[in-house]
Amino acid sequence: MIRDICKDEAFLARKAEPAGPEDLPVAADLLETLEHHRDGCVGMAANMIGVNRRIIAFDNEGTYTVMFNPEIVKKSGPYDAEEGCLSLSGTRPARRWRSVKVRWQNEQFQVRLKTFTGWTAQIIQHEIDHCEGIII
């Protein structure tokens, strides 16, 4: 189901709760909502659709990927970026890393670990910021 985009900054500033198997329908809604906004959006976090769970979905070089409970465990190559967000108006400066190693759970809740670089790494960092309640 395509959900409305949450623009409530007080809600977006809350740290997300861990996700579990009961949140699989939320992930499906998140993916459907992201696909609906594909012309102007490359990633979303569950709080952007009004659900305070640690779930992100993003364009991973042409394929959508969902991560449950993602966390950055290593980062390198800092740089400054400017980013927009469907939940917020305008653009804002953000400190990002060229390479991030992420630990997360897939749809079967198996732990995965992978290093992402470039644009994909930037998208992931933006969405994990949402999970942390960080409003850029």
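The structure this text deals with has already been given above.
Keep in mind that what you see is a predicted model, and the values were worked out from it rather than measured.

Enquirer: Where do I start with helix α3 (residues 118–132) in this structure?
Expert: Count 3.6 residues to each turn of an α-helix, and residues three or four apart come out pointing the same way. Between its first and last C-alpha, α3 extends 21 Å over 15 residues, near the 21 Å set by a 1.5 Å rise per residue. For α3, the tally of buried residues reaches 12 of 15 residues, placing the bulk of the element in the interior. On its buried side, α3 packs onto α1 (9–12), β1 (43–45), β2 (55–60), β3 (63–85), β4 (88–105) and β5 (111–117). Within two residues after α3, G133 carries a phi angle of roughly 80°, on the positive side.

Enquirer: What am I meant to see in the layout of surface pockets here?
Expert: The method is simple in principle: a probe with the dimensions of a water molecule rolls over the atoms, and the space it marks as empty is what remains. If you add up the space inside the largest pocket, you get close to 240 Å³. Forming the boundary of the largest pocket are 15 residues, of which V42, G84, C85, H126 and E127 lie nearest the centre. For the lining of the largest pocket, the secondary-structure elements that each account for two or more residues are β3 and α3. A breakdown of the residues in the lining of the largest pocket according to their chemical character gives 7 nonpolar, 5 polar and 3 charged.

Enquirer: Sorry if this is basic, but what is going on with the nonpolar core here?
Expert: Most often, soluble globular proteins keep nonpolar side chains buried together rather than apart. Ranked by size, the top nonpolar core spans 22 residues in total, and within it V26, L30, M44, I49, I55, V66 and F68 carry the most contacts. Among the elements that make up this core, the one with the highest residue count is helix α2 (residues 24–36) (4 residues). In contact with V26, other than residues within four places in its own chain, are R3, A46, I49, V51 and I55. Residues F58, W104, F116 and I123 belong to the second largest nonpolar core, which totals 14 residues.

Thresholds, definitions, all that
- Residues numbered from 1 in each chain as written.
- Predicted model: local features only at pLDDT ≥ 70, side-chain atom pairs only at ≥ 80, totals over all residues.
- Heavy atoms only, no water.
- Helix = DSSP H or I, 4+ residues; strand = E, 2+ residues; numbered from the N terminus.
- Expected span 1.5 Å × (residues − 1).
- Buried < 20%, exposed > 50% of the residue type's maximum accessible area, 1.4 Å probe, protein only.
- Contact = heavy atoms within 4.5 Å.
- 1 Å grid on protein atoms, 1.4 Å probe; cavity = no way out; pocket = protein on both sides within 12 Å on 5 of 7 lines; lining within 4 Å.
- Points joined across faces, edges and corners; volume = space filled by probe spheres on them.
- Nonpolar A, V, L, I, M, F, W, Y, C, P; charged D, E, K, R; others polar.
- Core = buried A, V, L, I, M, F, W, Y, C linked by side-chain atoms within 4.5 Å.

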